[in-house]
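Chain by chain, the residues:
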Amino acid sequence: MLLKQIINKINLNKIIIAFIVTWLSFICTALITSIFGMLNNIFLYSFVWIANMFLFVFILRKNLNSAFFQQTTDDNAEGNKIINRLAIYSLLVVFGLNLITSLYFMPSNYDSLTYHLPRIFFYYSQESLEHFYTTNDRQIFSPFNATLFQMFVVQYNLPHQFFNLINLWAWTTIIFLLYKMTLLFGFGKTTAILVSWFGAMADSVLAQATTTNNDILVGVALLSTIYFLFSWFKYKDNFLLALAILSAGITLGTKVTVVYLLPGVLIFIFIKMIKFSEIKNFILENKHIIKSKLLWASLLISGIVATASLLINFSEKGTLSAPSQSVYINKSHNIKAMMQNAIGISVQSTMQPSTSFYFNTFKLLDKISGKTYKNTIPFYVNKVINDKFIDRYWERKHSMGTEDFLNRFISVSLVEDEIWYGFATYLIIFSILIFVRRRKNYLDILAYFQFLFFISFAYFISYILLMKWQPWSCRFFVPTYLLLASFIAFFVESNINKKIKNLTLLLFGLIIFWNGLNYIAYNYRRPLMYLADKKTVFDIDILPEEFNFLHEKDSINIVWSDGQGGDAVQYLFMTSKKRQYLRQSPKILPTYFNLIAVSDTTNINNFVVANREQFVYIGNYQYFWFYK
């Protein structure tokens, strides 16, 4: 009863806005302090951030009387109380498990360890967001809005587990966004709760909740853009349009793949413009917004936030993107390569859920019986796919990854980079089919869902046309999955036989929850079941004990003596509890403690201490050693 009262009094719109405003404030703070070359000045950083927050909160308070803020979670019909409670309590359980995981484990995502997190330390050390010397150009060319959000952890010298908490906050905000969007479309409370549940519990989305990748941040920023834009259509409040514009700027400046959304948006607008009378009426109804100073200010800020990293790239190197990223581009753009990419993604996303469920079930049977059951079906299916499809028709030049990835094409990989969306995929497909068949029953919201489907489909087409197949491409579709999750509302409120519908939802819910718990407990990078072998929270040190003396160094220079750095896991040397200044250089610097990188191999155990003034390490790729 107390929980219900608390939930009913919460204004979720304010919580959603708080996430976006906090993120935007950190971005603006980093940009402003970088201009003055004082990015690591904690006093100026704090002052600017507080000033930004004060400004945004002041603007927010002026708009609190809007009808948009008056709706609480108690405004819609109660719905099915049992389903509501089961869904909410299960989400609370998962949130609690994710919180423990986030607080316990150090960051361990590969991209994060090689360039997402190291670039924060290099920016901090040089006091600006200018380019620096590096052998991994993704550290300097990649859009940095997510990086600037994470920077406060380094700025205030917080435990590095706080990096994980940002994504957990984003995951929680996504639950609220899906819930509020579903209510906005006019669906009931139970439907909204189920949409948010299936959206957040999908395997790949859940996997991103405790990592430090930027995909879930793109998802929450994009979903916020759509939610505020659709809310503006309903409430006609310029403040909501300003929030949509600001969220769009954050989205565009967070990840390169976001540009694949733009063709769909532009084509959809063009199609709507063909109906000249509708466009004319829309312009006439909203021409007053041209005079809004708030909107012009939001457009300016959004433009800066969206393009700042691109402008720095162009001014420093005369190009917008990292040269090394061209290896991921499908330069031929031929139909065969496009079809290969489309088939590969489709097969993986639709077959891996069943494989995952099969694997998790047999793992449980093994533990209960003490015997080892033959888990052969997925491996047999995978062998058939390899023999009949990959070995015959697959062209390696149109794909990334080693043969190992192809050999386990649909096998289970409990890593956030390789796990797809589970049984939620099937539910979304069913829901879209129901929407297409009965779309005439939803004319008042038809355009909204046409837009969501169109930009998601256009994103998929752009991706398979421009990119090579990658074994880790699943997480690139987190933003579009979250948009399509809204379609589940049509299945929940369809006129399908009630028993069949409820049984389907229950069965899918149990399987998704089961797979989710298995991922949290046994994933390869942050397995919660491993906590029994540890001591206390914040007790994990990512470097072996014999190298702890590195933590006492004030300044460290990573020297690429052979000119080859590539994707070395530099974050290993950045886990000190004290403030350190780090840089990279092709030569030894006398005033720094020099870490000399001899070569880039695959054995993380090849560490050699030359002396206490220089430290030699021989590359690294495998970084799961600290779970042994």
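Predicted model, so just to flag it, every value in this text is computed and none were measured.

Cut-off values and rules
Residues numbered from 1 in each chain as written. Predicted model: local features only at pLDDT ≥ 70, side-chain atom pairs only at ≥ 80, totals over all residues. Heavy atoms only, no water. Helix = DSSP H or I, 4+ residues; strand = E, 2+ residues; numbered from the N terminus. Buried < 20%, exposed > 50% of the residue type's maximum accessible area, 1.4 Å probe, protein only. Contact = heavy atoms within 4.5 Å. Areas by Shrake-Rupley, 256 points an atom, 1.4 Å probe, with all protein chains shown as cover. Polar contact = N/O pair within 3.5 Å; in protein donor to acceptor, adjacent residues only side chain to side chain. Core = buried A, V, L, I, M, F, W, Y, C linked by side-chain atoms within 4.5 Å. Patch = residues over 30% accessible without salt bridge, like charges linked within 9 Å, V, L, I, M, F, W, Y side chains within 5 Å. Salt bridge = Lys/Arg side-chain N within 4 Å of Asp/Glu carboxyl O. pLDDT = per-residue confidence, 0-100. Expected span 1.5 Å × (residues − 1). Axes fitted to C-alpha atoms, helices over the stretch in contact; angles between N-to-C directions. Parallel < 35°, antiparallel > 145°, perpendicular 65-115°, else oblique. Left-handed = near helix turned anticlockwise from the far one by under 90°. Nonpolar A, V, L, I, M, F, W, Y, C, P; charged D, E, K, R; others polar.

A short note on the overall build of the protein chain
Of the regular secondary structure elements, the protein chain holds 25 helices and 5 strands. Burial statistics for the protein chain: of 628 residues in total, 56% are counted as buried. Here the analysis covers contacts within the protein chain between residues at least 6 apart in sequence; of these, 80% occur between residues at least 24 apart. For the protein chain, the accessible area works out to roughly 27500 Å², and carbon and sulfur atoms hold 66% of it.

Things to note about the side chain of Thr 172
Position of Thr 172 among the secondary structure elements: in helix H10 (residues 162-184). Engagement of the side chain of Thr 172 in a polar contact is seen with the backbone oxygen of Leu 168, the distance being 2.9 Å.

Details of the nonpolar core
Within the largest apolar cluster, 168 residues are counted, with the highest numbers of intra-cluster contacts made by Trp 171 and Phe 228. Once residues lying within four places of it in the same chain are set aside, the contact partners of Trp 171 are Leu 91, Val 94, Phe 95, Asn 98, Ala 200, Val 205, Leu 206, Ala 209 and Ile 216.

Regarding a nonpolar patch on the surface
On the surface, Leu 252, Val 256, Val 259, Leu 262 and Leu 266 cluster together into a nonpolar patch covering about 420 Å² of accessible area. In this fold, Val 259 is placed in the loop between helix H14 (238-252) and helix H15 (262-274).

Digging into the environment of Pro 353
Position of Pro 353 among the secondary structure elements: in helix H18 (residues 335-369). Residues Pro 353 and Ile 511 lie 158 residues apart in sequence; the distance between their C-alpha atoms is 9.6 Å. Those residues in contact with Pro 353 that lie beyond four places of it in its chain are Gln 348, Gly 422, Phe 423, Tyr 426 and Asn 515.

Notes on the pattern of salt bridges
Counting across every chain of the model gives 8 salt bridges. Salt-bridge contacts for Arg 475 lead to Asp 417; the nearest nitrogen and oxygen are separated by 2.9 Å. Of this pair, Arg 475 sits in the loop between helix H22 (446-466) and helix H23 (478-484) while Asp 417 sits in the loop between helix H20 (403-407) and helix H21 (424-437), placing them 58 residues apart in sequence. Of the two residues examined, Arg 475 and Asp 417, each falls in the buried class. Close ionic contact of Arg 525 with Asp 417 constitutes a salt bridge, the shortest N to O distance being 3.2 Å. Pair noted here: Arg 525 is in the loop between helix H25 (498-522) and strand E1 (555-560) and Asp 417 is in the loop between H20 and H21, with a separation of 108 residues, a long-range link. Side by side, Arg 525 and Asp 417 carry an identical accessibility label, which is buried. In this structure, a network of salt bridges that share partners links the residues Asp 111, Arg 138, Asp 215, Lys 255, Glu 416, Asp 417, Arg 475, Arg 525 and Arg 526.

A short note on the confidence of the model for the protein chain
Taken residue by residue, the protein chain gives an average pLDDT of 82. The fraction at 70 or more is 81%. Throughout residues 535-541 the model reports pLDDT below 50, and contacts reaching past four residues in sequence, or to other chains, amount to 13 contacts. Low pLDDT, under 50, characterises residues 617-628; the predicted model gives this stretch 58 contacts beyond four residues in sequence or across chains.

Observations regarding helix H13 (residues 215-235)
One turn of the α-helix equals 3.6 residues, which is why residues spaced by three or four share an orientation. Taking 1.5 Å per residue, 21 residues should reach 30 Å; H13 reaches 30 Å between its end C-alpha atoms and fits that length. Residue Lys 236 follows H13 closely and has a positive phi angle near 55 degrees.

Considering unusual backbone geometry
Phi is positive for Glu 127, which is not a glycine, with a value near 70 degrees. For Glu 127, the position within the fold is in the loop between helix H7 (118-126) and helix H8 (138-141). For Glu 127, a relative accessible area of 31% translates into the label partly exposed. If you check the backbone angles, Asn 157 has positive phi at about 55 degrees while not being a glycine. One can find Asn 157 in the loop between helix H9 (145-155) and H10. Judged by relative accessible area, which is 30%, Asn 157 ranks as partly exposed.

Considering the packing of H15 against H22
Contact pair H15 / H22: the axes reach a minimum separation of 8 Å and the direction vectors enclose 135 degrees. It follows that H15 is oblique to H22 by the angle criterion. For the crossing formed where H15 meets H22, the hand is right-handed. Together, Pro 263, Gly 264, Val 265, Ile 267, Phe 268, Ile 271 and Lys 272 of H15 and Ala 447, Gln 450, Phe 451, Phe 454, Ile 455, Ala 458 and Ser 462 of H22 make up the contact between the two elements. Of the residues in the contact of H15 with H22, the class split is 10 nonpolar, 3 polar and 1 charged.

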